[in-house]
Amino acid sequence: MQNSMEYEAKVLLSESEYEKLLNALIKFNPDKITQTNYYIDNDNLELHKLGLGLRIRATQKYYEMTLKTPLKEGIKETTTTLSEEQFNTYLNSKDIQNEITNSLTYRINNLHIVGSLKTIRMECKITPHIICLDKSYYNNHVDYELEVESTSKETAEEFLKDILKNNNITFTEFNKITKHKRTLMTIKKE
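The structure reproduced in this document is the subject of the present report.

What counts and what doesn't
- Residues numbered from 1 in each chain as written.
- Predicted model: local features only at pLDDT ≥ 70, side-chain atom pairs only at ≥ 80, totals over all residues.
- Heavy atoms only, no water.
- Helix = DSSP H or I, 4+ residues; strand = E, 2+ residues; numbered from the N terminus.
- Rg over C-alpha atoms; globule rule 2.2 N^0.38 Å.
- Buried < 20%, exposed > 50% of the residue type's maximum accessible area, 1.4 Å probe, protein only.
- Contact = heavy atoms within 4.5 Å.
- Core = buried A, V, L, I, M, F, W, Y, C linked by side-chain atoms within 4.5 Å.
- Expected span 1.5 Å × (residues − 1).
- Pairing = 2+ DSSP bridges.
- Salt bridge = Lys/Arg side-chain N within 4 Å of Asp/Glu carboxyl O.

### Some words on the overall build of the chain
Point 1. Along the chain, the regular secondary structure elements total six helices and eight strands.
Point 2. Sequence-ordered secondary structure for the chain, helices as α and strands as β, is β-α-β-α-β-β-β-α-α-β-β-β-α-α.
Point 3. Relative to the globule expectation of 16 Å for 190 residues, the C-alpha radius of gyration of the chain, 17 Å, shows essentially globular dimensions.
Point 4. For the chain, the spread of C-alpha atoms along the principal axes amounts to about 50 × 35 × 30 Å.
Point 5. Residues counted as buried form 47% of the 190 residues belonging to the chain.
Point 6. Considering only residue pairs separated by 6 or more positions, the chain has 59% of its internal contacts joining residues 24 or more positions apart.

The following block contains the structure:
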């Protein structure tokens, strides 16, 4: 298992704002990454109620499970790599257990995949920042998001605002609703 800290700032975008930023980002030769996040919880959403996010991310190159734990500033991420065989087993499991779920300070049973979200991400690094421009699909919804990861929350927020300003996009507010939560919200409504 690997632990890391994530400092990020995010905003939701309209489709036209997304297109404008996509055209601006092309000059930085971004990597195009297609990934699907499979969100894990039990039927009572106990992890979500505790403020935790557990997911498996599948890309063309790898599978990993990550537990996100919010802190006062930033997010602690605990990640472990999965084999393709483990990934396929977890897709149909009704009680996912491994080193991450066993590291929780409380036992939560019957963990399984409760939803998924597919993202097409354009990603580039402008030191010390990582810029991610996402188009995500989940439960008959599509949304667009700009995310900046940096060395601190304040640095990420300022750089994100600069990107918007330099592209004539009005900043309104930071997005505090994670992809995980947006997916769960649409499951409850359907």
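### Let's talk about the nonpolar core
Point 1. Ranked by size, the top nonpolar core spans 21 residues in total, and within it Leu13, Leu21, Leu133, Leu146, Leu160 and Leu164 carry the most contacts.
Point 2. Secondary structure elements with two or more residues in this core: strand E1 (2–13), helix H1 (15–25), strand E6 (112–126), strand E7 (129–138), strand E8 (141–150) and helix H5 (153–166).
Point 3. Sorting elements by how many residues they give to this core places H5 first, with five residues.
Point 4. Contacts of leucine 160, omitting those with residues within four sequence positions, involve Ala9, Lys10, Val11, Leu146, Val148 and Phe174.

### Considerations on H5
Point 1. Helix length check: H5 (14 residues) gives 20 Å between terminal C-alpha atoms against 20 Å at 1.5 Å per residue, within 8%.
Point 2. Those residues of H5 hidden inside the fold are in contact with E1, H1, E6, E7 and E8.

### Structural notes on the pairing of E1
Point 1. Alignment of E1 against strand E5 (residues 75–82), held across five bridges, turns out to be antiparallel. Looking across to E5, one finds that glutamine 2 is bridged to threonine 79.
Point 2. With seven bridges connecting them, E1 and E8 associate as antiparallel partners. By the bridge assignment for E8, tyrosine 7 is matched with serine 150.

### What about the environment of methionine 5?
Point 1. Position of methionine 5 among the secondary structure elements: in strand E1.
Point 2. Using a relative accessible area of 38% as the deciding quantity, one classes methionine 5 as partly exposed.
Point 3. A C-alpha to C-alpha distance of 9.5 Å links methionine 5 and leucine 71, two positions 66 residues apart in sequence.

### Looking at the pattern of salt bridges
Point 1. Applying the stated criterion across every chain, the model contains nine salt bridges.
Point 2. The partner of glutamate 8 in a salt bridge is lysine 10, with the nearest N and O atoms 3.5 Å apart.
Point 3. Accessibility expressed as a relative area gives 10% for lysine 10, which makes it buried.
Point 4. Notably, a salt bridge pairs glutamate 77 with lysine 68, separated by 3.2 Å at the nearest N-O pair.
Point 5. Look at glutamate 77 and you get buried, because its relative accessible area is 11%.

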